[in-house]
Each structure stands twice: as C-alpha cells, then as structure tokens.
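# Structural overview for review
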Amino acid sequence: MRLIRFGEPGHEKPGVLDANGTIRDLSGIVRDITPETLADGLLDKVSGVKIDDMPAVQGAVRIGPCIKRPGKIVCIGLNYKDHADEAGMERPSEPIVFMKATSSICGPNDNLILPLDYEKVDWEIELGVVIGQHASYLDDASVESVIAGYCIVNDVSERSFQLARNGQWTKGKSADTFCPIGPWLVTKDEIQDPDNLPLKLTVDGTVYQDSNTAQMIFDVKTLVSYVSKFMSLEPGDIIATGTPAGVGMGQKPPVYLQPGNELVLEIDGLGVQRQTIVEMARA
Ligand code: ZN
C-alpha cells in the first residue's frame, strides 16, 4: 500500500493511493497516520479494506508528511562509501548515529525555508525506514518484523551550523522544513529489496545525486538492529539511512541552495518530492 496524508498543514487526512494513483480517503477507517494509530494496528485495518470502495479525493490537494509527528528521527552519517570519500572522512567502522528534531518535518512538496543567518544549506536524499512496532535489542533476523515501510527523506543540512559552530551535528539538521518526508509511506510488502533501490536528486534539472542503496556501507537490517541496541524504537520512528555522494558540499567548488532553486528527489517505488527554496521572512 502507498499511504498518504493530504490536506492543509495541521489538518491532514489519511489516504491511500489506488491502482490508478488516485487518492482514496481513509478517514472513515482510521483517524490519521500517527505513531499511535500505527501502534494500534493501522496497517492491518487498512489492508482489510477494499480501496476502490473508499471515496476518491477530487482536485489538487497538498500532500502532508506521510506520518504525523513521529517520536524521533534517527539519522545515519557517512553510510555511503562514495559520500564518506567526498566528505574527506574515513569510512566508519560502526554506524554513526545522530538525531534530527521532529519539528523539522514537513510535506514532501512544501517550500524549503532557508533559516535566518544561513550560509551553506545542502541536500541529502535518503531512504527512510519507518518502524511499525516497539523494538529493542533486535537481532538481524527480527528486523523485518518491526518495519512498517519506507519513505523518501531529504535530510536537509546547514553545513556551517553543522560543522563550524561547535558541538554535534544536530544544529545543522533541525531547522523548520529541514525534513521533508513522503510523499508516501510505502508498506514493506511493496519493496522487494530495500538494499537495492536507485535514488536520484536534481537541483534545477542538474543531476547531483544518482546512486543506489546497494552502495550503503551498513545495510537496512544492520542499521535497524544496531540502533535498537542504543534506544528503543517505537511505531512511527524514522531511521534515515544516510546519503550517497553528490551533496553540495562535495562539489568543486561547493554548491549550496539559493532562493528560487527547485529540488527534485526520487527513489524507485517511493515516489517523488519537489521543493522550492525560499528565504525566511525576517520579523
Ligand atoms: Zn543525512
């Protein structure tokens, strides 16, 4: 299933795409797509529904983040060999784990707002793993059973906040709109092999990132089980699995996002995100 949330910010309704790509309204079946409704058996409820009997949504609608406010976004750093090389950093011997504020989440096609005092805002297309069940101390063999599905994540990053302002990476990763997710939460049964998905990002039509999750240093199973040994994973949590080469910081000379730029992100089977870059209005 390709689950979706549609409507204006804060008023999104749950939906599902039918075979023709039309959104069908699920609000008669489930309240919303949230950590709580996922924990409460949302996927089972929806999988028993005849999608074509649900009301079709007419006209153009905004697409919201595919999950309402997950409990946490866990990110993996330097997980592609080519990206570690372009960043001039050693390939990690264990996954690098950091957090991104959940208030940064926005819809997949919402404007990406450059924060006040920005200098170096950069893109990172990533495969997001959405957790469906409470999990801790997982072994690799148990990982499959706790995954709900997958979505695209843009791990937007302000490199000067991240790298030149002391401390951890969190400051450069957490501004409002720095985490577009979706357009869809694609249930795991639709993705044959999450470790073999082409992913591609363009800025104003120029391809910058063009890779495959097969290039990851640590695969999906390893990452989910690894993270679960340091914290409990809960329904709705997202693990962003790292980005391949081709970020702006890695260009010679570096390229960073400017007002008016258009980002397009695509992962096979997970849909497309489109963001326009805008400046924040100074109060
Ligand atoms: Zn990242």
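Here goes a summary of the coordinates provided. Please read these numbers as outputs of a predicted model, since none were measured by experiment.

About the thresholds
- Residues numbered from 1 in each chain as written.
- Predicted model: local features only at pLDDT ≥ 70, side-chain atom pairs only at ≥ 80, totals over all residues.
- Heavy atoms only, no water.
- Pairing = 2+ DSSP bridges.
- Helix = DSSP H or I, 4+ residues; strand = E, 2+ residues; numbered from the N terminus.
- Axes fitted to C-alpha atoms, helices over the stretch in contact; angles between N-to-C directions.
- Donors = N, O, S within 2.8 Å, 3.2 Å for Na, K, Ca; no water.
- Buried < 20%, exposed > 50% of the residue type's maximum accessible area, 1.4 Å probe, protein only.
- 1 Å grid on protein atoms, 1.4 Å probe; cavity = no way out; pocket = protein on both sides within 12 Å on 5 of 7 lines; lining within 4 Å.
- Points joined across faces, edges and corners; volume = space filled by probe spheres on them.
- Nonpolar A, V, L, I, M, F, W, Y, C, P; charged D, E, K, R; others polar.
- Contact = heavy atoms within 4.5 Å.
- Core = buried A, V, L, I, M, F, W, Y, C linked by side-chain atoms within 4.5 Å.
- Phe/Tyr/Trp six-rings, centres within 6.5 Å; stacked < 30°, edge-to-face > 60°.
- Lys NZ or Arg CZ within 6 Å of the ring centre and 35° of its normal.

## A few points about the sheet that holds strand 4 (residues 73-77)
For sheets, the rule is that strands pair by backbone hydrogen bonds, running either parallel or antiparallel. Pairing within the open sheet is mixed, and its nine strands lie in the order 3-2-1-13-10-9-16-4-5. Only two strands of the sheet have a single neighbouring strand rather than two, namely strand 3 (23-25) and strand 5 (96-100). Taken pair by pair, the neighbouring strands of this sheet meet at an average axis angle of 30°, ignoring direction. Alignment of strand 9 (residues 125-131) against strand 10 (residues 147-154), held across seven bridges, turns out to be antiparallel. Note on strand 10: the bridge partner recorded for Leu-127 is Ile-152.

## Here's the deal with the coordination of the zinc ion
Taken together, the protein donors to the zinc ion comprise Glu-124 (OE), Glu-126 (OE) and Asp-155 (OD), at separations of 1.9 to 2.0 Å. The sequence pattern describing where the donors of the zinc ion fall on their chain is E-x1-E-x28-D. Here Glu-124 is found in the loop between strand 8 (121-122) and strand 9, whereas its partner Asp-155 is found in the loop between strand 10 and strand 11 (157-158), with 31 residues between them in sequence. Neither Glu-124 nor Asp-155 differs from the other in exposure class; each is buried.

## Some points on the layout of surface pockets
Roughly 230 Å³ of volume is contained in the largest pocket. Partitioning the lining of the largest pocket into residue classes produces five nonpolar, three polar and six charged.

## Some thoughts on the pairing of strand 15 (residues 206-212)
The pairing of strand 14 (residues 198-203) with strand 15 spans six bridges and is antiparallel. Note on strand 15: the bridge partner recorded for Val-203 is Thr-206.

## Digging into the environment of Ala-56
Structurally, Ala-56 can be placed in the loop between helix 2 (42-47) and strand 4. Residue class for Ala-56 comes out partly exposed when judged on its relative accessible area of 31%. With 31 residues separating them along the chain, Ala-56 and Asp-25 place their C-alpha atoms 6.3 Å apart. Leave out the neighbours within four places in its chain, and Ala-56 touches Thr-22, Ile-23 and Arg-24.

## Thoughts on helix 6 (residues 220-227)
Of all eight residues in helix 6, six are buried, a share of seventy percent or more. Among the residues of helix 6, Val-220, Leu-223, Val-224, Ser-225, Tyr-226 and Val-227 are the ones counted as buried. Where the residues of helix 6 are buried, they touch strand 4, strand 5, strand 9, helix 4 (143-146), strand 10 and strand 16 (238-240).

## Section: the nonpolar core
Ranked by size, the top nonpolar core spans 48 residues in total, and within it Tyr-150, Val-220, Val-224, Ile-239, Leu-257, Leu-263 and Leu-270 carry the most contacts. Setting aside anything within four residues of it in sequence, one finds Val-224 in contact with Val-129, Ile-131, Leu-138, Val-143, Val-146, Leu-233 and Ile-239. Counting 27 residues, the second largest nonpolar core, distinct from the first, contains Val-49, Met-54, Val-153 and Leu-185.

## Let's talk about the sheet that holds strand 17 (residues 262-267)
With respect to topology, five strands assemble into an open sheet ordered 7-18-17-14-15, the strand pairing being mixed. With partners counted over all chains shown, the strands left at the sheet margins are strand 7 (112-114) and strand 15, one partner each. The average angle at which neighbouring strand axes cross in this sheet is 20°, direction not considered.

## Some remarks on the packing of aromatic side chains
Tallied over the entire structure, the rule returns three aromatic pairs. Here the aromatic rings of Phe-98 and Trp-169 are separated by 5.1 Å at their centres, their planes lie at 70°, and the arrangement is edge-to-face. Here Trp-169 lies in the loop between helix 5 (159-163) and strand 12 (179-180) and Phe-98 lies in strand 5, a separation of 71 residues in the sequence. This pair shows no difference in class: Phe-98 is buried, exactly as Trp-169 is. Arranged with centres 5.0 Å apart and planes meeting at 55°, the rings of Trp-123 and Tyr-208 form a pair that is tilted. Separated by 85 residues along the polypeptide, Trp-123 in the loop between strand 8 and strand 9 and Tyr-208 in strand 15 bring together distant segments of the chain. On the basis of relative accessibility, which here comes to 0%, the residue Trp-123 falls in the buried class. On the basis of relative accessibility, which here comes to 22%, the residue Tyr-208 falls in the partly exposed class. Here the basic side chain of Arg-2 rests over the ring of Trp-184, its NZ or CZ set 5.1 Å away from the ring centre.

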